[in-house]
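# Remarks on the overall topology
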Amino acid sequence: MKLHKKLFNLFFLFLSFISLAQLEKEDEISCVSSSATPLHMSSSHDNWPIVDYYKKGASFIPDTNTPIKAIYLNFIFMQKDDGTGNFQEDNPEHQQYIDDIISNLNKIYSSIRGSYDRNCPSYQNIDTPILKDSKVRFLVNKMFIKNSAYWDNQSTPTNKNAQLIPGRRNWFLNDIHDEIVKRKDIPPAINVFFTESAYAYKEIVDNQSCKLGLYSTKAASQFPSFSDLDRSSKVHMQNLFVKYTQLKNKATGVITCDPPAKHPWEKVYEWISGAGGLAHELGHSLDLYHTNKVGTNCVQCIHSVMNNDGCSYRRFLSPLEIGCIHRALALSSIRKYVKKDVFSEAPININSDYLWNKNSKIYRNINVQDSATFTLSCDLILPPQGTVLVTQGSKLIIDNGATIRSTGDDEIIPKIVIKSGGELVIDNATLQNVDIVVEEGGLLSSSSSILKVRR
Ligand SMILES: [Zn+2]
C-alpha cells in the first residue's frame with residue numbers, strides 16, 4: 001500500500017515538474033565580462049529587451065525579515081600536471097589575492113552602490129526604494145587540481161563554444177565537473193572553474209612578454225533550471241593568473257614595457273581584485289539577465305552588475321533583480337546550494353485563502369491565521385528550525401501528492417503545529433522529516449492513512 005502511494009506521489013511530482021517546465025523557460029547563457037564583442041548570442045538575446053523579464057521578481061524582493069542567504073561556491077583552480085600554471089595553494093600572496101576577490105564579491109552583493117537608470121529594463125519599478133543589501137553572500141571552498149588538459153582552455157581551439165561555455169554538451173570541463181559533483185567529500189556548490197591559456201602562459205610567465213592581446217578574459221555561466229531541480233551549476237573564468245602575472249610584472253618593474261606602466265601595482269591590484277566579472281557571472285547563475293543590449297557602447301546601465309560590456313565599475317543591482325535572485329533561491333536548482341541553517345523566525349503570514357502551487361523552498365516560518373485556508377498542492381521544503389502554525393479557525397490542506405520535507409536530515413526537523421480550533425487536512429501527501437503536533441482542541445483529518453517518513 002505504501003509503495004503504491006509512493007508511486008502515486010512520484011507521478012504527481014512528475015506532473016508538477018512538467019507544468020513548471022512549461023511556465024519557466026530554461027536557458028543557458030554566455031557573455032563577455034570585459035570585452036565589447038559578444039562571443040555568443042543565445043536566441044533569447046536576440047529578443048532583448050525583455051521588459052517583463054524582471055517583473056517575476058516583484059513578489060520576492062527581500063524585506064527586513066528576509067534572512068541573508070549564504071550560497072556555497074567551489075573555486076577550482078586548474079593547474080598543469082606539475083602543479084604550476086595557476087595560483088598556488090602554499091603561496092600567501094596568491095591566497096591573499098583570492099581572499100580579496102571573495103571579500104570584494106561579497107561587498108558587491110552586500111553594499112550596493114549606484115542609482116536607478118531609467119533606461120535599464122530591470123529598473124522599471126522605480127517606486128521601490130533602492131536596496132543596500134541583496135541579502136545574498138557567497139561561501140567559498142578553494143580547490144587546486146593538477147591536470148594539464150583541463151588547465152589549458154585553448155585545448156579545443158577549433159570550437160570556441162566548447163572552450164568557453166559551461167552547459168554545452170562538449171564543454172571541455174564537463175568530465176571533471178561531473179566527477180566533482182559525484183564526490184561525497186566535496187561540498188555541493190556552484191563550481192567556478194579557473195583555467196588558463198597554455199599559449200599565453202608560455203609568453204607571459206616563461207618569456208615575460210609585454211605583448212597585449214595574448215589572452216581572453218571572456219567568462220561564462222549558465223542560468224539555473226526551474227524544471228530539473230537536481231541539475232548542477234557551473235561557471236568558467238579564464239586567464240586570471242596570466243592577467244595577474246603580466247600586470248604585476250609590468251607595474252612592479254619586473255619587465256619594462258613600451259609604453260611603460262601608468263599606474264602603481266597597488267592601484268592595478270585594486271582593479272583586478274574587484275570581482276565585478278565574477279559577480280556578473282554569478283548573477284547569471286542566480287537567474288539574472290543582461291541589463292544592457294550587448295555592445296551598446298557603454299551608454300546604458302553602465303553601473304549595473306549585469307551590464308554586459310564591462311564599461312565601468314559594476315556595483316548596482318535593482319530591487320527587481322534582487323527579487324529575481326530570491327525567486328531563484330526558492331524555485332530553481334540553485335536553491336540546493338544555500339547553507340542549510342539559513343532561517344528567519346519572522347513568519348510569512350497567510351491571512352486569506354491561498355493556494356500554493358509551486359515547488360518551493362522557504363527560509364521562514366508560516367502562520368496560517370485569520371480563518372484562512374492555506375492549500376499546499378505542490379512540494380514545499382521547510383528550514384529545519386521552521387514551523388507551520390495553524391491557528392484558531394484556520395485550515396491547512398496538503399493534497400495533490402505534495403511532499404513536505406526538511407532541507408536536511410538533521411536532528412532538528414520542522415513542525416506543523418495545529419493550535420486549538422485549527423485544522424490540518426491531509427489528502428494524498430507525503431511528510432518527510434516533518435513532525436505534526438496537534439494541540440488540544442486542534443483537528444487532524446486525513447482521507448487516507450498519512451504517509452509520514454522519518455529518516
Ligand atoms: Zn553576461
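Residues numbered from 1 in each chain as written. Predicted model: local features only at pLDDT ≥ 70, side-chain atom pairs only at ≥ 80, totals over all residues.

## Notes on the packing of helix α7 (residues 198-206) against helix α8 (residues 240-251)
The interhelical angle for the contact between α7 and α8, taken along N-to-C directions, is 25 degrees, at an axis separation of 9 Å. Relative to α8, the element α7 is oriented roughly parallel. The way α7 lies across α8 gives a crossing that is left-handed. Of α8, the residues touching α7 (which contributes Ala200, Tyr201, Ile204 and Val205) are Val242, Thr245 and Gln246. Along the lines of polarity and charge, the residues of the contact of α7 with α8 split into five nonpolar, two polar and no charged. (Axes fitted to C-alpha atoms, helices over the stretch in contact; angles between N-to-C directions. Helix = DSSP H or I, 4+ residues; strand = E, 2+ residues; numbered from the N terminus. Parallel < 35°, antiparallel > 145°, perpendicular 65-115°, else oblique. Left-handed = near helix turned anticlockwise from the far one by under 90°. Contact = placed C-beta atoms within 7 Å. Nonpolar A, V, L, I, M, F, W, Y, C, P; charged D, E, K, R; others polar.)

## Some thoughts on the sheet that holds strand β7 (residues 344-350)
Sheet strands pair via backbone hydrogen bonds, and the direction of the pair is either parallel or antiparallel. One open sheet accounts for five strands, arranged β7-β10-β13-β16-β19; its pairing is parallel. Strands at the two margins of the open sheet, each flanked by one partner only, are β7 and β19 (435-438). This sheet shows a mean twist of 15 degrees between the axes of neighbouring strands, independent of strand direction. With four bridges joining them, strand β16 (residues 415-418) and β19 adopt parallel strand pairing. Along β19, the bridge assignment pairs valine 417 with valine 437. (Pairing = 2+ DSSP bridges.)

## Topic: the environment of glycine 85
Looking at the secondary structure, you find glycine 85 in the loop between β2 (69-79) and α3 (92-110). The exposure class of glycine 85 is buried, given the 23 C-beta atoms found within 10 Å. If near-sequence neighbours (up to four positions away) are discounted, glycine 85 is found in contact with Gln79, Lys80, Trp151, Glu196 and Tyr201. (Buried ≥ 20, exposed ≤ 12 C-beta atoms within 10 Å, placed from the backbone.)

## Looking at the sheet that holds strand β20 (residues 443-446)
Pairing is parallel across the open sheet formed by five strands, whose spatial order is β8-β11-β14-β17-β20. Of all the strands in the sheet, just β8 (354-356) and β20 have a single pairing partner and so form its edges. The average angle at which neighbouring strand axes cross in this sheet is 15 degrees, direction not considered.

## A short note on the pairing of strand β15 (residues 403-406)
Residues of β15 alternate between two faces, with Thr403 and Arg405 on one and Ile404 and Ser406 on the opposite face, all of them buried. As defined by bridge partners, strand β12 (residues 380-382) adjoins β15 across three bridges and the pair is classed as parallel. Residue pairing for β15: isoleucine 381 is matched across the bridge by arginine 405. Bridge analysis of β15 against strand β18 (residues 430-432) gives three bridges, and the strand direction is parallel. For threonine 403, the partnering residue across the bridge sits in β18 and is threonine 430.

## Quick look at α7
Of all the residues in α7, the buried ones are Ala200, Tyr201 and Ile204. The buried residues of α7 occupy an angular sector of 100 degrees when projected down its axis, which confines them to one face. In this structure, the buried residues of α7 make contact with α8. (Arc of directions from axis to C-beta.)

## Remarks on the confidence of the model for the chain
Residues of the chain with pLDDT of at least 70 account for 84%, and the chain-wide mean is 84. Low pLDDT (under 50) marks residues 1-47, which in the prediction has 75 contacts with non-local residues, meaning those over four places away or in another chain. (pLDDT = per-residue confidence, 0-100.)

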